[in-house]
Amino acid sequence: MTAPAATQGALAGLKVLDLSRVLAGPWCTQILADLGADVIKIERPGVGDDTRGWGPPFLKDADGNDTHQATYFTACNRNKRSVTIDMATPDGQALLKRMAAESDILVENFKTGGLKQYGLDHESLRAANPRLIYCSVTGFGHDGPHAMRAGYDLMIQATTGMMSITGRPDDVPGGGPLRVGVALTDLFTGVYASTAILAAIEVRHRTGEGQHIDMALLDVGMAILANQASAFLNTGVAPQRQGNSHPSLAPYQDFRTADGAMLLAIGNNGQFTRFCEAAGHPEWATDPRFATNTLRVKYRELLIPQMEAVTRTRSTAQWIALLEDKAVPCGPINDIAQAFEDDQVKARGLAVTLPRDAGDGIEQIVGVASPLRLSATPPVLRRAPPALGQHTDEVLAELGIDAAQRAAWRAAGVL
C-alpha cells in the first residue's frame with residue numbers, strides 16, 4: 001500500500017523536541033508524529049541514534065544492495081525531522097535551550113540526572129518555558145535505590161518476572177525462561193508515555209502549565225503483567241511458565257494439525273460445545289470433567305491429548321474452514337512473512353510505503369501502518385524515517401539561523 005495523501009493530523013501545531021534514542025522514547029514520539037505533531041529528532045553529529053547501526057538487516061539502495069543504515073531505526077522514526085547537534089558543546093546546549101523554549105513537549109531517555117550537566121533538565125528548561133511538557137524515560141524511575149541504573153528491555157523482562165511466565169516449563173524439551181520476541185517493555189513504555197503526554201496537554205488547556213512525566217520501564221514492566229500479577233497479589237502463588245496454554249482458560253493454546261499447527265482460543269462454554277460438535281465429539285461437552293471452563297482448566301491434562309489426537313487428522317486450513325462459521329476462534333500460527341500476506345492485513349493496509357529523497361540512494365522505506373484509526377483526523381504519513389541530519393538546515397533556518405552561522409557551527413563540530 002502506498003501512503004495516503006497528507007491531511008491535517010489531530011496533533012497538528014504541537015512541537016516536540018525529541019532527545020530520545022533507541023526504542024521506548026522514539027516509539028512514543030513516533031505516535032505523536034503520526035498524529036500530526038512536528039517532531040524534531042536530535043542526534044549526535046556523525047553517529048546518530050544507536051539503532052542506525054543495529055544491523056543486519058540493513059536497508060537496501062535502489063540497486064538492491066545493502067547500505068549501512070539498519071532497518072531497526074526505521075521502525076520508530078518516521079514522520080520526524082532529523083537534526084544533528086552536539087549537546088556537549090556550549091553552542092549546542094544554547095541551541096537546544098532555544099528550541100526547548102519554543103516547544104510544547106520534550107521527550108528524553110537519558111539516565112536520571114544525565115541532562116542536568118547540560119542545563120537541559122526539567123527544572124532548568126521550565127523556567128524559560130513553563131508550558132513545556134517534559135517526559136523522561138528511564139529504566140528504574142527518578143527515585144528509589146536503583147534510580148541510577150541503566151535500564152534495558154531484556155533486563156526489565158527478567159527483573160519483573162515476565163521471562164518467568166514466558167516459555168515452556170523446565171521439565172519439558174525446550175523448557176526455560178524466554179524473552180518476548182520484541183522489546184515489549186520498551187514498546188509499552190512508549191505507548192504509556194504518549195498517553196501521559198496527551199493527558200498533560202489536556203491539563204495544560206486548563207491550567208496553562210506544563211509538567212514533568214516520570215516514565216520507568218520497571219513500572220511499565222510490572223503493570224503489563226496484568227492478570228498474572230493480580231493472580232499473585234491476590235493468592236500469594238507465583239504463576240509459572242506453561243508454554244502456549246493459558247493459566248485461566250482451556251482449551252486456549254496451540255494444537256498440532258496434519259500439516260503443522262493451529263491456534264484455538266476457546267473462551268466460553270458455547271464455543272467449546274460448538275467445537276466438540278464440529279470435531280465429531282459432542283460427548284466432550286457433556287463430560288462432567290469438562291462441563292465448565294474451571295473444570296477444563298483442572299482436567300486439561302486429560303482433555304488436551306484427546307483433542308490433539310483429533311486435530312492431527314485435518315490440516316490447519318481444513319480446521320479453519322470447518323470452524324470459521326461456527327464462531328469458534330481458530331487461526332493459523334503465521335510467521336511474519338505469512339502475516340503480511342494475510343488477506344485481512346492487506347485489506348487494512350497495514351504495510352505502508354513511504355518515498356525518501358535524502359540523496360543516499362534509498363528511494364523508499366516500507367513500514368507498518370499506525371493502528372490508530374480516527375475517523376476525522378487519521379494518522380498522517382508525511383515523511384519516511386530520515387537520514388542522519390537530513391533536516392538540520394531546514395529546521396535551523398526556521399529558527400532564524402542563517403547559512404553563515406550554520407556553516408560556522410558545522411566547522412566547529414556543533415552540528
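The structure this text deals with has already been given above.
Structure report, in brief. Quick caveat: nothing in here was measured; it's all calculated off a predicted structure.

1. Describing unusual backbone geometry
Here's step 1: Geometrically, the link from G55 to P56 is a cis peptide bond, its omega value of 10 degrees lying close to zero.
Here's step 2: Among the structural elements, P56 can be located in the loop between β2 (38–43) and β3 (58–60).
Here's step 3: With an omega of 0 degrees, the peptide bond running from P56 to P57 counts as cis.
Here's step 4: Looking at the secondary structure, you find P57 in the loop between β2 and β3.
Here's step 5: Positioned with a positive phi, N79 is a non-glycine residue whose angle comes to about 65 degrees.
Here's step 6: Locating N79 in the fold gives a position in the loop between α2 (71–74) and β5 (80–84).
Here's step 7: Looking at N79, the relative accessible area reads 0%, which means it is buried.
Here's step 8: Positive phi, normally seen in glycine, also occurs at A327, with a value near 55 degrees.

2. Quick word on the pattern of salt bridges
Here's step 1: Applying the stated rule across the entire model yields 20 salt bridges.
Here's step 2: The shortest N-O distance in the salt bridge between D38 and R81 comes to 2.8 Å. Placement of the pair is D38 in strand β2 and R81 in strand β5, with a sequence separation of 43 residues.
Here's step 3: A relative accessible area of 21% means that D38 is categorised as partly exposed.
Here's step 4: Classification of R81 by relative accessible area gives buried; the value is 3%.
Here's step 5: As a salt-bridge pair, R52 and E43 come within 2.8 Å of each other at their nearest N and O atoms.
Here's step 6: Here R52 falls in the buried class, since its relative accessible area comes to 10%.

What counts and what doesn't
For every chain, the first residue of the written sequence is number 1, and numbering continues from 1 along that sequence. Given that the model is predicted, a residue must reach a pLDDT of at least 70 before its local features are reported, and side-chain atom pairs must reach 80 or more before they are shown or counted; all residues, however, enter totals for whole chains, interfaces and linings. Note that the side-chain values use all heavy atoms of the structure and ignore hydrogens as well as water. For the purposes of this entry, the term helix denotes a DSSP run of H or I that reaches at least four residues, the term strand denotes a run of E that reaches at least two, and both are numbered from the N terminus. For every residue, the accessible area (1.4 Å probe, protein chains only) is compared with the maximum for its type, and the residue is labelled buried under 20%, exposed over 50%, or partly exposed between those bounds. What makes a salt bridge here is a side-chain nitrogen of Lys or Arg within 4 Å of a carboxyl oxygen of Asp or Glu, nothing more.

None of the figures reported here should be taken as evidence of function without further support.
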